[in-house]
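# Observations on the model geometry
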Amino acid sequence: MNLVSPIHTKIRGRARYRVEALRQSESAKVYIERQLAAAKEIVSVSASTLTSTVLITYNSGNTVQSIERRLASVVAAWQNDPRQRPAKRQPEQRGLPVARAAGCKTAAKPSASHPQRSAALPVAAAVFEEAEAWHRLHRQQVLDLLASDPLKGLSHLDARARLEQYGANLLPEAAPRSSWEILIGQVNSLPTYLLAAAAGVALLTGGIVDALVIMGVVAANAAIGYATEKEADKTIHSLKKLVRPQAEVLRAGEPLTLAVEEIVVGDVLVLKPGAYVAADCRIVKAVNLSIDESMLTGESMPVYKTARTLGGGEIPLADRLNMAFMGTLVTGGQGLAVVVATGSATQIGQLQLLLQHTRAPETPIERQLGRMGDQLVVVCCAVCGVVFLIGFLRGYGFLAMLRMSISLAASAVPEGLPAAATINFAMGITRMREHRVLIRHLQAVETIGAVQTICLDKTGTITRNQMQVQQVMIDGVSTAVDHGRPIPGAGLQAAAAADTLSHLLHACALCNEVKVNGAQADGPPTLHGSATEKALVELAAGAGLDVAVLKRRFRLLGVNHRSESRMFMSTLHRVDENERILFMKGSPPEVLALCTNQVLDDRRVPLADADRARIDQENERMASAALRVLGFAFKRNPAGAEDESDLTWLGLAAMADPIRSGARGMIAMFHRAGVETVMITGDQSPTAYAVAKELDLSGGQPLTILDSTELSRLEPEALAALAKHVHVYARVSPAHKLQIVEALRAAGRTVAMTGDGINDGPALKAADIGIAMGRSGTDIARD
């Protein structure tokens, strides 16, 4: 039987292994962590007695096989050492092992302020490592492991003790470059060293003026570069968000609003529309709960969450439907979730760890200057040596020939090259700022011109990350929606209006849970809700309906939410004392199945089989174009009735995250410049294919798509060979984005990466050029 079995080893510098000897053995955990932490090739190690796994971060110069051998030898040593055998536990000591933060050297001690608490808090040891198992556990198991109550949460005493033991729920912020680091960066090059050496020799040999001129050039070069990069850093830092989000939690059965840093493992978060998810957590209750995870996973659509246990094999982050992750936003519904990881142990924290171990590559000009400097040193030394030797053999004095050789070496050094390069870079940065492009490093100006492949993040970069209705089908005819002008004839506000379009727009405006604030002096009303429902409300408002007035006029009486067994929602509204109206939206086939009539040419007529077939066909056509399609129906009910049968069909509305204006022209410009374009997205392959096709991403060639399920099975060498031919990567995780960028660089490409989300950070850093998109981007992407 193998002592060690690899689980995840695809990411360079990071590996997870299963060690059966770890199960329920705290002594094995302590021994393995202590022995491996002392090894020079190991950066960090975290072992879990709950999952019997060891997570190791190691120096990239080592191989997975060598790390596995090292771990196996440590496990064997523990098994063969009788001193390491665990003592028999006393009955009162039974329970779960002590939770330890990643990198913590000693187990927690009892708090002096709370002597009644034992050192062994009833929290699982796996809490502070990368949580891969929580979605596979039943919600009651999770609550038991974390000693939490879904109705009461933690007690104030327990929460305070956990906060003292594990620290605040804060991510380590990237330290800004100091003034000294920026200044050193301007002079840390071989040509500058050569100039400094030449100035020193000139000074020693009496050439004071020469020394001052040379050092003046070096100082001017450093001053220009320092001033330019310091200003860029100052501007980027000013974009950071200054508002600390808050979260609502249950403490001792009472809802409390706390700062995010006060959240601890075991807290029960209250999730409702607009709420910020303050930590990674396991959903324990969900009612029509949807969460926008685009900043983390790249998935443009909100994800509907569930409390049920997920089974099967390895589940991608975007498909963990019973988990909510730090930094995401609740867009609809209600729910409760128990916190399983905080701070650096969250998925965002793991990304920052990955970011810290990602090394930014040298720019092309740095490589060229380094190569030129090496060649210059060799040639200068050889020529000066030959001149010195010839002169000395011909009878000239030793000191005279030494001065001549040194003068020759000084004259060979291109004193003006660094200054000329810096001045040109600074001029380029100034011109780019005029086009609202902020450049952080001088050499990036040159690298932009050397880019061969640009990797484009889809959500928020190519697209707006904002859903918008693209097409509607009414009276059996599909029409593209022009958002630049109101829909003709749609401004009719009377509830008794018979035409299909007015009814459809009323359904869009009323059949939702969007909160509408009053119109601002300089713009339209502010909407709060899911991206899908906001798109429908915006369609109605753009057609001339005053949605706020409409919601007040047709007061909402009740909502029947969408669920796993019911792929539609309905809302009941008051028309007058004697009449109610019910609107329904949802999966077109399911809504259609409840309909017996339709509105056609302003008349209510029976829904024939041919009509149903035509609607099904149009639904499939829209869905194949990667549009999200919803069907709409309504029914007038007498007062007190909520019947959802015998409905009247209204039509279809299809929406998508629209491509930014000018994106297709931008892609065409890249192709004319000889730059290959690659799209990376967390969306499904059909959606990615539709967007890539519309952009002509492949430049007229057959479009090649690679799904992340295939990506995980490829060796780095195979991926580097394949990366030259792939145009679209779908369903990718942040680690996959990093793999893609490294594969393209391994294939010899100079790579640019665009992005705005948390999930783009490691890939932005690993690329030759990282481009963080706009003010709406995250701090991690900009850093």
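Residues numbered from 1 in each chain as written. Predicted model: local features only at pLDDT ≥ 70, side-chain atom pairs only at ≥ 80, totals over all residues. Heavy atoms only, no water.

## Considerations on the pattern of salt bridges
- Within the structure shown, the criterion is met by 14 salt bridges.
- As a salt-bridge pair, R70 and E41 come within 3.0 Å of each other at their nearest N and O atoms. Here E41 lies in the loop between helix 1 (26–37) and strand 3 (42–48) and R70 lies in helix 2 (residues 64–80), a separation of 29 residues in the sequence.
- Since its relative accessible area comes to 33%, R70 is described here as partly exposed.
- A salt bridge links K737 to D457; the shortest N-O distance between them is 3.1 Å. Highlighted residues: K737 in helix 24 (residues 734–746) and D457 in strand 12 (residues 453–457), separated in sequence by 280 residues. (Salt bridge = Lys/Arg side-chain N within 4 Å of Asp/Glu carboxyl O. Helix = DSSP H or I, 4+ residues; strand = E, 2+ residues; numbered from the N terminus. Buried < 20%, exposed > 50% of the residue type's maximum accessible area, 1.4 Å probe, protein only.)

## Notes on the packing of aromatic side chains
- Per the counting criterion, the structure on display carries two aromatic pairs.
- Taking 6.0 Å as the distance between ring centres and 5° as the angle between the ring planes, the aromatic pair formed by F388 and F392 counts as stacked. Highlighted residues: F388 and F392, both in helix 10 (residues 364–393), separated by four residues, approximately one helical turn.
- On the accessibility criterion, F392 (41% relative accessible area) is partly exposed.
- Seen in terms of ring centroids, F583 and F634 are 6.4 Å apart; in terms of plane orientation they differ by 35°. Their pairing is tilted. Here F583, found in strand 19 (residues 579–586), pairs with F634, found in strand 22 (residues 628–638); they are 51 residues apart in sequence, far enough to count as distant. The exposure classification of F583 matches that of F634, with both residues buried. (Phe/Tyr/Trp six-rings, centres within 6.5 Å; stacked < 30°, edge-to-face > 60°.)

## Overview of the pairing of strand 2 (residues 14–18)
- With four of five residues buried, strand 2 is to be regarded as a mostly interior element.
- Across three bridges, strand 1 (residues 5–8) lies against strand 2 in antiparallel orientation. Bridged to P6 within strand 2 is Y17. (Pairing = 2+ DSSP bridges.)

## Some words on the sheet that holds strand 27 (residues 751–755)
- On the basis of which strands lie adjacent, the open sheet formed by six strands has the order 25-26-24-12-27-28 and parallel pairing. The sheet is open, and its two edges are formed by strand 25 (705–707) and strand 28 (769–772), each paired on a single side. If you compare each strand with its neighbour and ignore which way they point, the axes differ by 15° on average.
- By the bridge criterion, three bridges tie strand 12 to strand 27 in an arrangement that is parallel. Note on strand 27: the bridge partner recorded for T453 is V751.
- The strands touched by helix 21 (residues 685–695) within the sheet are strand 24 (676–680), strand 25 and strand 26 (728–730), with strand 26 carrying the most contacts at an inclination of about 155°. (Axes fitted to C-alpha atoms, helices over the stretch in contact; angles between N-to-C directions. Contact = heavy atoms within 4.5 Å.)

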